[in-house]
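Residue-level listing of the chains:
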Amino acid sequence: MQLTERHRQYWQKNLRITGILLAIWFFVTFVVAYFARDLSFNFFGWPFSFWVGAQGALVVYVVIIGYYAHYMNKLDNEYGVAEIEEE
């Protein structure tokens with residue numbers, strides 16, 4: 001099957017957003033968590049490093065998932081490949 005230029009644009013945008021969100025995930029998971037242990041101040045009564053590891057990263061993961069779902073729904077509608085709900 002030959003891909004049209006429109007298919008290529010769709011997949012290019014899909015791969016670009018996936019790469020960006022994976023880079024954010026990597027940064028939050030490894031870089032921020034690694035350097036957070038050096039932060040020695042309290043945040044909501046807990047050490048900031050604990051908050052980043054236990055709560056902050058999870059919040060970012062949920063935001064990443066929500067943004068990806070929203071972006072892909074918009075992209076699917078733009079390129080006419082959205083799923084049609086059957087009633």
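Further up the page is the structure itself.
Residues numbered from 1 in each chain as written. Predicted model: local features only at pLDDT ≥ 70, side-chain atom pairs only at ≥ 80, totals over all residues. Heavy atoms only, no water.

K.L.:
Pulling in residues and values, what's your account of the nonpolar core?
P.N.:
If you look at the biggest cluster of nonpolar residues, it comprises eight residues: Tyr-10, Ile-17, Leu-21, Ile-64, Tyr-71, Met-72, Leu-75 and Tyr-79. Of all the secondary-structure elements, those providing two or more residues to this core are helix 1 (5-36) and helix 2 (48-79). The biggest single contributor to this core is helix 2, with five residues. (Core = buried A, V, L, I, M, F, W, Y, C linked by side-chain atoms within 4.5 Å. Buried < 20%, exposed > 50% of the residue type's maximum accessible area, 1.4 Å probe, protein only. Helix = DSSP H or I, 4+ residues; strand = E, 2+ residues; numbered from the N terminus.)

K.L.:
I'd love a proper account of the pattern of salt bridges, names of residues and values included.
P.N.:
For the structure shown, the criterion picks out one salt bridge. For Glu-78, the salt bridge identified is with Lys-13, shortest N-O distance 3.4 Å. Taken together, the residues span a long stretch of sequence, with Glu-78 in helix 2 and Lys-13 in helix 1 at a distance of 65 residues. The partly exposed category is assigned to Glu-78, whose relative accessible area is 44%. Residue classification places Lys-13 among the partly exposed residues on the basis of a relative accessible area of 24%. (Salt bridge = Lys/Arg side-chain N within 4 Å of Asp/Glu carboxyl O.)

K.L.:
Give a description of helix 2 that names residues and reports values.
P.N.:
Between its first and last C-alpha, helix 2 extends 43 Å over 32 residues, near the 46 Å set by a 1.5 Å rise per residue. The sharpest bend along helix 2 measures roughly 35 degrees and falls at Gln-55. Of all the positions in helix 2, only Phe-48, Val-52, Gly-56, Ala-57, Ile-64, Tyr-71, Met-72, Leu-75, Asp-76 and Tyr-79 are classed as buried. If you follow the buried residues of helix 2, they end up packed against helix 1, strand 1 (42-43) and strand 2 (46-47). (Expected span 1.5 Å × (residues − 1). Bend = angle between axes of the 7 residues up to and from the residue. Contact = heavy atoms within 4.5 Å.)

K.L.:
How would you summarise the packing of aromatic side chains if you had to cite specific residues and measurements?
P.N.:
For the coordinates displayed, the defined rule picks out five aromatic pairs. On the numbers, 5.5 Å between centres and 85 degrees between planes, the contact of Tyr-10 with Trp-11 is edge-to-face. Note on Tyr-10: relative accessible area 12%, which makes it buried. Here Trp-11 falls in the partly exposed class, since its relative accessible area comes to 45%. Arranged with centres 5.9 Å apart and planes meeting at 90 degrees, the rings of Trp-25 and Phe-30 form a pair that is edge-to-face. Residue Trp-25 is classed as partly exposed on the basis of its relative accessible area, which comes to 36%. On the accessibility criterion, Phe-30 (44% relative accessible area) is partly exposed. A network of ring pairs unites the aromatic residues Tyr-10, Trp-11 and Tyr-79 as a single cluster. (Phe/Tyr/Trp six-rings, centres within 6.5 Å; stacked < 30°, edge-to-face > 60°.)

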